[in-house]
Amino acid sequence: MAKLPIETHHFASFDGTRLAWHEMGQGRPVLLLHGYFSDANTNWIRYGHAEAIAGKGRRVIMPDLRAHGESDKPHDAAAYPPDALAKDGHALIAHLGLSDYDLGGYSLGARTTARMLATGATPQRIVFSGMGLEGLTNSERRQSHFRHILTNLGSHERGSPAWMAEAFLKTTGGDPVALLGVLDTFVSTPLSAVEGFDQPTLVVNGREDDDNGSAAALAGALPNARLVEVPGNHMSSVTKAELGQAIADFLAG
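These numbers were taken from a predicted model, which means no experiment stands behind them. (Residues numbered from 1 in each chain as written. Predicted model: local features only at pLDDT ≥ 70, side-chain atom pairs only at ≥ 80, totals over all residues. Heavy atoms only, no water.)

Chemist: Kindly report on the environment of Ala-248, identifying the contributing residues and their values.
Modeler: Here Ala-248 lies in helix α11 (residues 241-252). For Ala-248, a relative accessible area of 2% puts it in the buried group. Measuring from C-alpha to C-alpha, the distance between Ala-248 and His-49 comes to 7.9 Å, with 199 residues separating the pair along the chain. Those residues in contact with Ala-248 that sit more than four places away from it in its chain are Ala-52, Ile-53 and Lys-56. (Helix = DSSP H or I, 4+ residues; strand = E, 2+ residues; numbered from the N terminus. Buried < 20%, exposed > 50% of the residue type's maximum accessible area, 1.4 Å probe, protein only. Contact = heavy atoms within 4.5 Å.)

Structure, rendered in C-alpha cells:
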C-alpha cells in the first residue's frame, strides 16, 4: 500500500516562536505530541503509527515541539517559561480552529497533554503513551535525570540509560542547549487534576517501561481509562506496530 502523503506547515506560537507541524490523512482531527529528544517523524511517522491512525479515517496532526525537529530551537531562557509546550499546543489548536478533536502524546508529549488538559484543553478522547502516574505528578524526577544527561554529554557509561539517551539524541540531531531550556518548562500535574480527566482515555505503554512510573497506576487514577500494554521498553515500544494499532483502534472506537 502506498504511503499516505504528509504535509508540513509552520506557524508562529504564543510568543512568536516558529513551530512546525505535520499532517496525514483526513477526517476528525487528532493532535499527537512526541517525546523528549524526538520529533514527529521519529515518534509517529517512521514506524507507521500515523498511517495506521489515518487509515481509520482520521486527520493526524503532529507538531514538532519547540526545540525539536523542524521547529525553532531558541537558546534564550525567556523562550522556556513554565508550561511553554502546553501553550504551544493551545496556540496550534487555535491556529487550526479545532473544536472537535482528540489529543494524546508519548512521554513528554503525554506530560504536555496533561498540562494542556489542566489548562483548559477540551478533547473528546485522550491518549497517554509512554507515561505513568509519577511522570505526571512528579515531573522533577525526569527533569533532573535529563539535566544530568545533557550537562555530562560524552561521559556516560556505555550501555547505561544515560548513554542510551545520548545516543538517541545524536540520531535525532538534537540541540543540547535548547533541550536544556525545555526542562525549565516542566510543570507537575496534581493527582486531583489527573483524577478529573474524565474523557475516554487510552493508557498505552511498553510492558517493560517504567521510566515514568506505573502506567497501571495512571489508568487506575483516571475515571474512564483503559490500559493496553505493548511489547518493549521506553525506547523500543515506539518502534512496535502494536503501539500505533492500539491508538488507531481506540480512536476509531
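Chemist: Describe in detail the pairing of strand β2 (residues 18-24), supporting the description with residues and values.
Modeler: Counting buried positions over the seven residues of β2 gives six, a clear majority of the element. Taken together, the six bridges between strand β1 (residues 7-12) and β2 define a ladder with antiparallel strand orientation. Looking at the pairing, Phe-11 lines up with Leu-19 of β2. (Pairing = 2+ DSSP bridges.)

Chemist: Account for the sheet that holds β1, naming residues and giving values.
Modeler: Taken in spatial order, the eight strands make up an open sheet running β1-β2-β4-β3-β5-β6-β7-β8, and their pairing is mixed. Strands at the two margins of the open sheet, each flanked by one partner only, are β1 and β8 (225-230). Each strand of the sheet is rotated relative to its neighbour by a mean of 20°, with strand direction disregarded. The strands touched by helix α4 (residues 108-118) are β3 (28-33), β5 (102-106) and β6 (126-129); relative to β5, the strand with the most contacts, the crossing angle is about 140°. (Axes fitted to C-alpha atoms, helices over the stretch in contact; angles between N-to-C directions.)

Chemist: If you had to explain the nonpolar core to someone new, which residues and values would you point to?
Modeler: Membership of the largest hydrophobic core comes to 34 residues, with the highest contact counts inside it found for Leu-31, Tyr-36, Phe-37, Met-116 and Val-182. Mapped by element, the contributors of at least two residues to this core are β2, β3, α3 (84-96), α4, α6 (139-151), α7 (161-172) and α8 (176-183). The leading source of residues in this core is α3, at five residues. Excluding residues that lie within four positions of it along the chain, Phe-37 makes contacts with His-68, Phe-146, Ile-149, Leu-150, Ala-165, Phe-168, Leu-169, Thr-172 and Leu-179. Met-24, Val-60, Tyr-106 and Leu-251 belong to the second-largest nonpolar core, a separate cluster that totals 23 residues. (Core = buried A, V, L, I, M, F, W, Y, C linked by side-chain atoms within 4.5 Å.)

Chemist: So what about the packing of aromatic side chains? Which residues, and what values?
Modeler: Evaluated as defined, the whole model comprises five aromatic pairs. With a centroid separation of 6.3 Å and 70° between ring planes, the pair formed by Tyr-36 and Phe-186 is classed as edge-to-face. You can see Tyr-36 sitting in the loop between β3 and α1 (40-45) and its partner Phe-186 sitting in the loop between α8 and α9 (191-194), a full 150 residues away along the chain. Under the relative-accessibility criterion, Phe-186 is labelled buried at 9%. In textbook terms, an aromatic cluster arises when at least three aromatic residues are bridged by ring pairs, as seen for Tyr-36, Phe-37, Phe-146 and Phe-186. (Phe/Tyr/Trp six-rings, centres within 6.5 Å; stacked < 30°, edge-to-face > 60°.)

Chemist: Give me the pattern of salt bridges: which residues, what numbers.
Modeler: Across all of its chains, the model carries 13 salt bridges by this definition. Lys-56 is the partner of Asp-249 in a salt bridge, and the nearest nitrogen-oxygen pair spans 3.1 Å. Separated by 193 residues along the polypeptide, Asp-249 in helix α11 and Lys-56 in the loop between α2 (49-54) and β4 (58-63) bring together distant segments of the chain. Here Asp-249 falls in the partly exposed class, since its relative accessible area comes to 39%. Residues joined in a network through salt bridges with shared partners are Arg-28, Arg-58, Asp-100 and Asp-102. (Salt bridge = Lys/Arg side-chain N within 4 Å of Asp/Glu carboxyl O.)

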